[in-house]
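The lines below spell out each chain.
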Amino acid sequence: MNADETPGYGRRRELPAEVPNEPETPAPPEQGPPQLTGRQRLAQGLWPPRVTRPQLIVALLLFVLGLGLAIQVRSNNDSSALRGARQEDLVRILDELDDRTQRLEEEKRRLEEQRTGLENSSDQAEEARKQTVERERQLGILAGTVAAQGPGITLSIKDEKGAIEADMLLDAIQELRAAGAEAIQINDVRVVANTHLSDASGGGVRVDGRKVGAPYLFKVIGKPQDLEPALNIPGGVVQTLEKEQATVSVTRSEKIVVDALRPAKRPDYARSSSQ
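Bear in mind the structure is a predicted one, so any value in this text is a computation, not a measurement.

Caption draft 1: Focus on the nonpolar core. Formed by 32 residues in total, the largest nonpolar core has its most connected members in I157, L176 and F218. Element by element, the count of residues in this core is highest for helix α6 (residues 166-178), at 6 residues. Excluding residues that lie within four positions of it along the chain, I157 makes contacts with I164, L169, P215, Y216, F218, L241, A246 and T247. If you look at the next biggest cluster of nonpolar residues, it comprises 6 residues, including A148, A183, I221 and I256.

Caption draft 2: Summary view of the sheet that holds strand β7 (residues 216-221). If you walk across this open sheet you meet the 5 strands as β3-β2-β7-β1-β8, and the pairing is antiparallel. Each edge of the open sheet carries a strand with a single partner, namely β3 (189-191) and β8 (247-258). For this sheet the average axis-to-axis angle between neighbouring strands, irrespective of direction, equals 20°. Judged from the 3 bridges that link them, strand β2 (residues 183-186) and β3 form a sheet pairing that is antiparallel. In the sheet register, Q185 faces β3, and the bridge partner there is R190.

Caption draft 3: Spatial organisation of the sheet that holds strand β4 (residues 197-199). With antiparallel pairing, 3 strands are arranged side by side in an open sheet as β4-β5-β6. Here the strands that pair on one side only, and so sit at the sheet edges, are β4 and β6 (210-212). Between one strand and the next, the sheet's axes are offset by a mean angle of 35°, whatever the strand orientation. Pairing analysis gives 3 bridges linking β4 to strand β5 (residues 205-207), with the strands arranged antiparallel. Its bridge partner lying in β5, S198 is registered against R206. Along the sheet face, α6 touches β4 and β5 and points at about 155° away from the line of β4.

Reading the values: rules and limits
Residues numbered from 1 in each chain as written. Predicted model: local features only at pLDDT ≥ 70, side-chain atom pairs only at ≥ 80, totals over all residues. Heavy atoms only, no water. Core = buried A, V, L, I, M, F, W, Y, C linked by side-chain atoms within 4.5 Å. Buried < 20%, exposed > 50% of the residue type's maximum accessible area, 1.4 Å probe, protein only. Helix = DSSP H or I, 4+ residues; strand = E, 2+ residues; numbered from the N terminus. Contact = heavy atoms within 4.5 Å. Pairing = 2+ DSSP bridges. Axes fitted to C-alpha atoms, helices over the stretch in contact; angles between N-to-C directions.

Here is the structure:
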(Lines give C-alpha, C1' and ligand atoms only; values in the text may rest on other atoms or scores of the structure.)
Protein backbone atom coordinates (compact mmCIF):
# COMPACT_ATOMS: atom_id res chain seq x y z
CA MET A 1 0.00 0.00 0.00
CA ASN A 2 1.49 3.26 -0.89
CA ALA A 3 1.25 6.43 0.93
CA ASP A 4 -1.58 7.62 -1.17
CA GLU A 5 -3.66 4.66 -0.26
CA THR A 6 -2.98 4.85 3.43
CA PRO A 7 -6.05 6.40 5.06
CA GLY A 8 -5.37 9.79 6.31
CA TYR A 9 -1.87 9.83 4.93
CA GLY A 10 -0.83 13.22 3.92
CA ARG A 11 -3.35 14.92 6.13
CA ARG A 12 -2.18 17.15 9.01
CA ARG A 13 -3.18 15.91 12.27
CA GLU A 14 -4.30 18.61 14.67
CA LEU A 15 -4.12 18.34 18.40
CA PRO A 16 -7.31 18.91 20.34
CA ALA A 17 -7.83 22.45 21.57
CA GLU A 18 -6.55 23.12 25.01
CA VAL A 19 -9.16 23.86 27.57
CA PRO A 20 -8.08 26.92 29.52
CA ASN A 21 -7.79 26.41 33.26
CA GLU A 22 -10.17 28.57 35.27
CA PRO A 23 -8.30 30.83 37.64
CA GLU A 24 -8.55 29.74 41.21
CA THR A 25 -10.77 32.00 43.24
CA PRO A 26 -8.90 33.05 46.38
CA ALA A 27 -10.64 32.10 49.61
CA PRO A 28 -12.18 35.07 51.40
CA PRO A 29 -10.05 36.22 54.29
CA GLU A 30 -11.27 35.22 57.69
CA GLN A 31 -13.10 38.11 59.29
CA GLY A 32 -12.14 38.87 62.86
CA PRO A 33 -14.33 40.55 65.50
CA PRO A 34 -15.66 43.96 64.50
CA GLN A 35 -13.61 46.91 65.58
CA LEU A 36 -15.31 48.84 68.45
CA THR A 37 -15.05 52.49 69.17
CA GLY A 38 -13.81 53.77 72.50
CA ARG A 39 -17.32 54.64 73.66
CA GLN A 40 -18.60 51.18 72.73
CA ARG A 41 -15.74 49.51 74.62
CA LEU A 42 -16.51 51.67 77.66
CA ALA A 43 -20.22 50.75 77.54
CA GLN A 44 -19.33 47.09 77.11
CA GLY A 45 -17.11 47.25 80.17
CA LEU A 46 -19.78 48.88 82.32
CA TRP A 47 -22.79 46.78 81.35
CA PRO A 48 -23.76 44.25 82.42
CA PRO A 49 -22.24 45.15 85.77
CA ARG A 50 -20.01 42.62 87.35
CA VAL A 51 -20.31 43.21 91.11
CA THR A 52 -18.06 41.40 93.47
CA ARG A 53 -18.51 40.89 97.18
CA PRO A 54 -15.87 43.49 98.18
CA GLN A 55 -17.62 46.02 95.96
CA LEU A 56 -20.94 45.32 97.69
CA ILE A 57 -19.33 45.81 101.10
CA VAL A 58 -17.78 49.12 100.01
CA ALA A 59 -21.12 50.29 98.57
CA LEU A 60 -22.89 49.44 101.83
CA LEU A 61 -20.31 51.33 103.87
CA LEU A 62 -20.63 54.37 101.60
CA PHE A 63 -24.43 54.26 101.96
CA VAL A 64 -24.19 54.19 105.76
CA LEU A 65 -21.69 57.05 105.70
CA GLY A 66 -23.94 59.14 103.46
CA LEU A 67 -26.95 58.47 105.67
CA GLY A 68 -25.01 59.58 108.73
CA LEU A 69 -23.89 62.77 107.01
CA ALA A 70 -27.48 63.54 105.95
CA ILE A 71 -28.74 63.11 109.51
CA GLN A 72 -25.95 65.31 110.82
CA VAL A 73 -26.71 68.06 108.30
CA ARG A 74 -30.41 67.93 109.17
CA SER A 75 -29.72 68.19 112.90
CA ASN A 76 -27.43 71.14 112.25
CA ASN A 77 -30.15 72.84 110.23
CA ASP A 78 -32.68 72.28 113.03
CA SER A 79 -30.38 74.02 115.53
CA SER A 80 -29.35 76.77 113.11
CA ALA A 81 -31.84 79.19 114.67
CA LEU A 82 -30.16 78.91 118.06
CA ARG A 83 -26.66 78.98 116.63
CA GLY A 84 -27.47 82.17 114.78
CA ALA A 85 -29.09 83.78 117.82
CA ARG A 86 -27.59 86.76 119.53
CA GLN A 87 -25.82 86.40 122.83
CA GLU A 88 -28.60 88.12 124.76
CA ASP A 89 -31.14 85.71 123.23
CA LEU A 90 -29.10 82.70 124.32
CA VAL A 91 -28.78 84.15 127.81
CA ARG A 92 -32.54 84.63 127.92
CA ILE A 93 -33.14 81.01 126.87
CA LEU A 94 -30.82 79.79 129.62
CA ASP A 95 -32.69 81.99 132.10
CA GLU A 96 -35.96 80.37 131.04
CA LEU A 97 -34.52 76.92 131.68
CA ASP A 98 -33.33 78.04 135.09
CA ASP A 99 -36.79 79.42 135.85
CA ARG A 100 -38.42 76.12 134.89
CA THR A 101 -36.05 74.26 137.17
CA GLN A 102 -36.82 76.70 139.96
CA ARG A 103 -40.57 76.21 139.52
CA LEU A 104 -40.18 72.47 139.79
CA GLU A 105 -38.09 72.86 142.94
CA GLU A 106 -40.74 75.12 144.43
CA GLU A 107 -43.46 72.60 143.63
CA LYS A 108 -41.42 69.87 145.27
CA ARG A 109 -40.86 72.00 148.38
CA ARG A 110 -44.56 72.87 148.60
CA LEU A 111 -45.57 69.22 148.47
CA GLU A 112 -43.02 68.37 151.13
CA GLU A 113 -44.43 71.14 153.35
CA GLN A 114 -47.93 69.75 152.89
CA ARG A 115 -46.74 66.32 153.94
CA THR A 116 -44.95 67.75 156.95
CA GLY A 117 -48.03 69.75 157.93
CA LEU A 118 -50.18 66.63 157.83
CA GLU A 119 -47.72 64.68 159.91
CA ASN A 120 -47.23 67.38 162.59
CA SER A 121 -50.72 68.93 162.82
CA SER A 122 -52.63 68.28 166.04
CA ASP A 123 -55.87 68.23 164.06
CA GLN A 124 -54.85 66.22 161.04
CA ALA A 125 -58.43 65.92 159.78
CA GLU A 126 -58.89 69.71 159.61
CA GLU A 127 -55.50 70.19 157.99
CA ALA A 128 -56.29 67.51 155.44
CA ARG A 129 -59.62 69.18 154.68
CA LYS A 130 -57.93 72.56 154.05
CA GLN A 131 -55.38 71.01 151.77
CA THR A 132 -58.08 69.11 149.94
CA VAL A 133 -60.07 72.30 149.33
CA GLU A 134 -56.97 74.08 148.06
CA ARG A 135 -56.05 71.15 145.88
CA GLU A 136 -59.59 71.01 144.49
CA ARG A 137 -59.37 74.69 143.56
CA GLN A 138 -56.05 74.14 141.79
CA LEU A 139 -57.35 71.13 139.92
CA GLY A 140 -60.47 73.07 138.95
CA ILE A 141 -58.28 75.72 137.33
CA LEU A 142 -56.28 73.08 135.46
CA ALA A 143 -59.43 71.26 134.39
CA GLY A 144 -61.11 74.49 133.30
CA THR A 145 -64.17 74.07 135.56
CA VAL A 146 -63.57 77.30 137.51
CA ALA A 147 -62.55 80.78 136.42
CA ALA A 148 -59.10 82.11 137.17
CA GLN A 149 -57.32 85.43 137.26
CA GLY A 150 -53.78 86.57 137.76
CA PRO A 151 -50.79 88.10 135.98
CA GLY A 152 -49.99 86.96 132.48
CA ILE A 153 -50.07 87.97 128.84
CA THR A 154 -52.41 88.31 125.90
CA LEU A 155 -51.34 86.97 122.52
CA SER A 156 -53.19 88.43 119.53
CA ILE A 157 -52.84 86.81 116.09
CA LYS A 158 -54.42 88.51 113.07
CA ASP A 159 -54.58 86.25 110.03
CA GLU A 160 -55.92 88.24 107.09
CA LYS A 161 -54.74 85.72 104.46
CA GLY A 162 -56.05 82.64 106.26
CA ALA A 163 -52.62 80.98 106.37
CA ILE A 164 -52.65 80.02 110.05
CA GLU A 165 -53.22 76.32 110.63
CA ALA A 166 -54.03 74.25 113.68
CA ASP A 167 -50.50 72.97 114.21
CA MET A 168 -49.20 76.54 114.51
CA LEU A 169 -51.62 77.35 117.32
CA LEU A 170 -50.77 74.03 118.94
CA ASP A 171 -47.09 75.01 118.91
CA ALA A 172 -48.01 78.25 120.68
CA ILE A 173 -49.95 76.34 123.37
CA GLN A 174 -47.08 73.93 123.96
CA GLU A 175 -44.55 76.76 124.19
CA LEU A 176 -46.74 78.59 126.71
CA ARG A 177 -47.18 75.47 128.81
CA ALA A 178 -43.45 74.86 128.80
CA ALA A 179 -42.93 78.43 130.00
CA GLY A 180 -45.23 77.88 133.00
CA ALA A 181 -48.69 78.89 131.79
CA GLU A 182 -51.30 77.86 134.37
CA ALA A 183 -54.48 78.77 132.47
CA ILE A 184 -55.04 79.38 128.74
CA GLN A 185 -58.07 80.55 126.82
CA ILE A 186 -58.35 80.94 123.02
CA ASN A 187 -61.17 83.33 122.14
CA ASP A 188 -64.05 81.76 124.12
CA VAL A 189 -62.67 78.21 124.47
CA ARG A 190 -60.79 77.03 127.55
CA VAL A 191 -57.64 75.05 126.86
CA VAL A 192 -57.04 72.07 129.13
CA ALA A 193 -54.78 69.02 129.19
CA ASN A 194 -56.80 67.00 126.66
CA THR A 195 -57.55 69.87 124.27
CA HIS A 196 -57.19 68.98 120.61
CA LEU A 197 -57.00 71.25 117.56
CA SER A 198 -57.81 70.62 113.91
CA ASP A 199 -58.20 72.65 110.74
CA ALA A 200 -61.78 73.67 110.02
CA SER A 201 -63.38 73.51 106.60
CA GLY A 202 -63.72 76.94 105.05
CA GLY A 203 -60.91 78.40 107.16
CA GLY A 204 -60.27 78.77 110.84
CA VAL A 205 -59.40 76.19 113.49
CA ARG A 206 -61.51 73.88 115.61
CA VAL A 207 -60.60 73.76 119.29
CA ASP A 208 -62.19 70.75 120.97
CA GLY A 209 -64.70 70.64 118.13
CA ARG A 210 -65.65 74.32 118.37
CA LYS A 211 -64.75 76.51 115.41
CA VAL A 212 -62.55 79.48 116.26
CA GLY A 213 -61.77 82.14 113.68
CA ALA A 214 -59.24 84.91 113.33
CA PRO A 215 -58.23 87.08 115.03
CA TYR A 216 -57.07 84.53 117.60
CA LEU A 217 -56.83 85.96 121.12
CA PHE A 218 -54.90 83.99 123.72
CA LYS A 219 -55.43 84.85 127.39
CA VAL A 220 -52.67 83.28 129.42
CA ILE A 221 -52.08 83.32 133.18
CA GLY A 222 -48.51 82.83 134.34
CA LYS A 223 -45.32 84.71 134.96
CA PRO A 224 -45.14 87.37 132.22
CA GLN A 225 -41.34 87.52 132.43
CA ASP A 226 -41.26 83.87 131.32
CA LEU A 227 -44.19 83.73 128.92
CA GLU A 228 -43.31 86.64 126.62
CA PRO A 229 -39.64 85.67 125.98
CA ALA A 230 -40.69 82.08 125.31
CA LEU A 231 -42.80 83.26 122.37
CA ASN A 232 -40.13 85.62 121.00
CA ILE A 233 -37.12 83.29 120.93
CA PRO A 234 -35.34 83.08 117.54
CA GLY A 235 -37.20 80.65 115.33
CA GLY A 236 -40.04 80.48 117.86
CA VAL A 237 -43.78 81.02 117.70
CA VAL A 238 -43.82 84.72 116.79
CA GLN A 239 -41.30 84.39 113.97
CA THR A 240 -43.08 81.34 112.57
CA LEU A 241 -46.42 83.14 112.49
CA GLU A 242 -44.91 86.27 110.97
CA LYS A 243 -43.44 84.17 108.15
CA GLU A 244 -47.06 83.37 107.27
CA GLN A 245 -47.67 87.14 107.09
CA ALA A 246 -49.73 87.14 110.26
CA THR A 247 -49.72 90.12 112.60
CA VAL A 248 -48.68 89.07 116.11
CA SER A 249 -48.61 91.12 119.30
CA VAL A 250 -47.78 90.08 122.86
CA THR A 251 -48.87 92.26 125.79
CA ARG A 252 -48.05 91.81 129.45
CA SER A 253 -50.68 92.45 132.08
CA GLU A 254 -50.92 92.27 135.85
CA LYS A 255 -54.47 90.95 135.66
CA ILE A 256 -55.65 88.42 133.12
CA VAL A 257 -59.11 86.93 133.52
CA VAL A 258 -59.70 83.46 132.10
CA ASP A 259 -63.44 82.92 132.44
CA ALA A 260 -64.28 80.38 129.73
CA LEU A 261 -65.47 77.27 131.58
CA ARG A 262 -65.77 73.61 130.75
CA PRO A 263 -68.40 71.35 132.30
CA ALA A 264 -67.17 68.94 134.93
CA LYS A 265 -67.59 65.40 133.66
CA ARG A 266 -67.99 62.44 135.92
CA PRO A 267 -65.99 59.46 134.68
CA ASP A 268 -68.05 56.50 133.55
CA TYR A 269 -65.82 53.78 134.96
CA ALA A 270 -63.01 55.28 137.05
CA ARG A 271 -63.63 55.58 140.79
CA SER A 272 -61.47 56.70 143.66
CA SER A 273 -59.47 53.86 145.15
CA SER A 274 -60.60 54.95 148.65
CA GLN A 275 -64.26 54.10 147.94
